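Descriptive structure summary
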Amino acid sequence: MKKFICIITLIIVFCFIIIFPGCSESAKYSETFAGYLSEDTYDSEKSAVNAFIKEQLNGTTSEYTLKNYSCDRTLTSREIADLELGEDVETANFVTVNYTDENYNQHQTALYVIKANDGFRYFAPLPKTGEAVTASYYDSVLSNKAYENCTVTTTYACHAYSAETTYLQVFKFDYTKAYFKQTIPSMKVDFYMEETLSGFEYYSKLPLFGDGNYYSSEEANKKIKEKYGDDYYLKYVLLKGGKEYNLDSFSTISELSEFIYAANFDSSYFVKTDYGFCMPFEKFKEAVYCMAGLLGENAEEAMTDIDTYISSLNIRYYVTDGRLSKIDYLLQALLSDDPKDFFSIEMHSLFTDFGSTEIKLPV
C-alpha cells in the first residue's frame, strides 16, 4: 500500500480585531464598486424590491421581510446616464426600503428601481456604513482578479499564561507560479509551484531532509524513497474550511488562487464599514457554528465556550481600490478569573504588490 508524506499549506479565510470607539481609518481605504443591475426583470416595482432583499441581503444568517418602501424621487436623464443603466431605461426611481429580520428588528436601506422595455429591475448601490453587506458588493471584493498576482503576508501571535509564540505565513501568486511559506508548528512549509503543460512542478525545502535545499518533485521523491522506502511518496495538500484538497486537483495557478480567496461564508455574515466590512459578534457565533459542523465538532459546546470565555473580538476586512488590502484579527478569552489570565490570538494579513509580484524559481 502506497503511503504519502504531506506538504500542507493552511488557508486562513477571515480574521478578527477589537474595534476601538472613535477610530476611523477611512482615509486610507477606498471602494470601486459602482453598483449592480439585476440580470432578471420583474413584473412590478414591488417585485423588484422583494427580489433585491432575497438576492442581495438574505443568506445563511438572515431571512429579511419587506415591510414597506417609498419612491423618494425620479432620477434625471443625466443621473441615469451616470449610473450606466443602459439605453432602454424608461424611468429610474430612488427607493427607500424598510425591512425586518426574524426578530422583527427594523432595518433600512436604499436602492434604485429601473423601469425598462422588458420590465422592472433593481440597481444595488454601494452599501452605506452600518448597513448589511450586499451579495454583489461582497462578490466584487472576494472575486477580484487582482489576487492572481499579489503577495499576502500574515503574522500570527498567540499568548497564553505568560507564554507567547509568533508564526509567519507568506503566499505569493504570479499568474503561472506560486510560493508558500509558513512557520506554523507541524505545518511548516516552504515551496514553489509552477504551472506546466504536464501539470504542476514543485520545488520544496523539506524539514525532514534538514539541509535547507530546494528539491524538485522528482528529486524529493527520490530522496524520500531512499530515506523511508519505496512505499512512500510526496503529496501536496491544502487545508481550507476544515477540508483537505490535493493541490494537483487544480488545473491552473489562477484556479488555485481563486479557490484560496473565495469566501467560506456568504455576505449575510457582514456589515459595511467605512474601511470595508466587518463581522459582528452574533454573526461570528453563527460562523463558528457553521465551521464546527464542517469540522465534525460539537457546535453547541463551541457556542457555550464562546459565551463563557470570549471577552472581546470582532472582524475587520479592509478594502482598497475594491480589493482586500488588510485583514486583522485579535481574539481575547479569559482563561481564569483568580488570578485573571487571558488567552489571545492576533493575526495581521497584508495584501501587497498587486500586479507586480514576481516569483523566481529556485532552479
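Figured I'd write up the structure that's included with this text.

What counts, and where the lines are drawn
Residue indices follow the written sequence of each chain, beginning from 1 at its first position. Where local features are concerned, this predicted model is filtered to residues with pLDDT of at least 70; where side-chain atom pairs are given and counted, the filter is 80 or more; whole-chain, interface and lining totals use all residues. Hydrogens are left out, water is left out, and the side-chain values use all remaining heavy atoms of the structure. Salt bridges are defined by distance alone: a side-chain nitrogen of Lys or Arg within 4 Å of a carboxyl oxygen of Asp or Glu. The classification of residues rests on relative accessible area computed with a 1.4 Å probe and restricted to protein chains. Under 20% of the type maximum is buried, over 50% is exposed, and intermediate values are partly exposed. Two aromatic rings from Phe, Tyr or Trp, using only the six-membered ring of Trp, form a pair when their centres are within 6.5 Å; if the ring planes differ by under 30 degrees the pair is stacked, by over 60 it is edge-to-face, and anything between is tilted. Secondary structure is summarised from DSSP: a helix means a run of H or I of at least four residues, a strand means a run of E of at least two, and numbering begins at the N terminus for each. Our definition puts a charge over a ring when NZ of Lys or CZ of Arg is within 6 Å of the ring centre and also within 35 degrees of the ring normal.

**A word on the pattern of salt bridges**
Overall, the coordinates contain eight salt bridges when judged by the stated rule. Close ionic contact of R73 with E79 constitutes a salt bridge, the shortest N to O distance being 3.1 Å. Given the relative accessible area of 25%, E79 is considered partly exposed. One salt bridge in this structure joins D328 and K326, with 3.5 Å as the shortest N-O distance. Assigned by exposure class, D328 and K326 land together as buried.

**A word on the packing of aromatic side chains**
Under the criterion given, the structure shown has 35 aromatic pairs. Taken together, a centroid distance of 6.0 Å and an interplanar angle of 75 degrees make the contact between F173 and Y261 edge-to-face. Remark: Y261 occurs in helix α5 (residues 253-261) and F173 occurs in strand β8 (residues 163-174); sequence separation between them is 88 residues. The exposure class of Y261 is buried, given its relative accessible area of 10%. Their ring planes at 45 degrees and their centres at 5.8 Å tell us that Y228 and Y232 sit as a pair that is tilted. Residue Y228 is classed as partly exposed on the basis of its relative accessible area of 37%. By way of ring pairs, the aromatic residues Y147, F171, F173, F180, F191, F200, Y202, Y236, Y261, F351 and F354 are connected into one cluster. A cation over an aromatic ring shows up here: R323 above the ring of F354, its NZ or CZ 4.0 Å from the ring centre.

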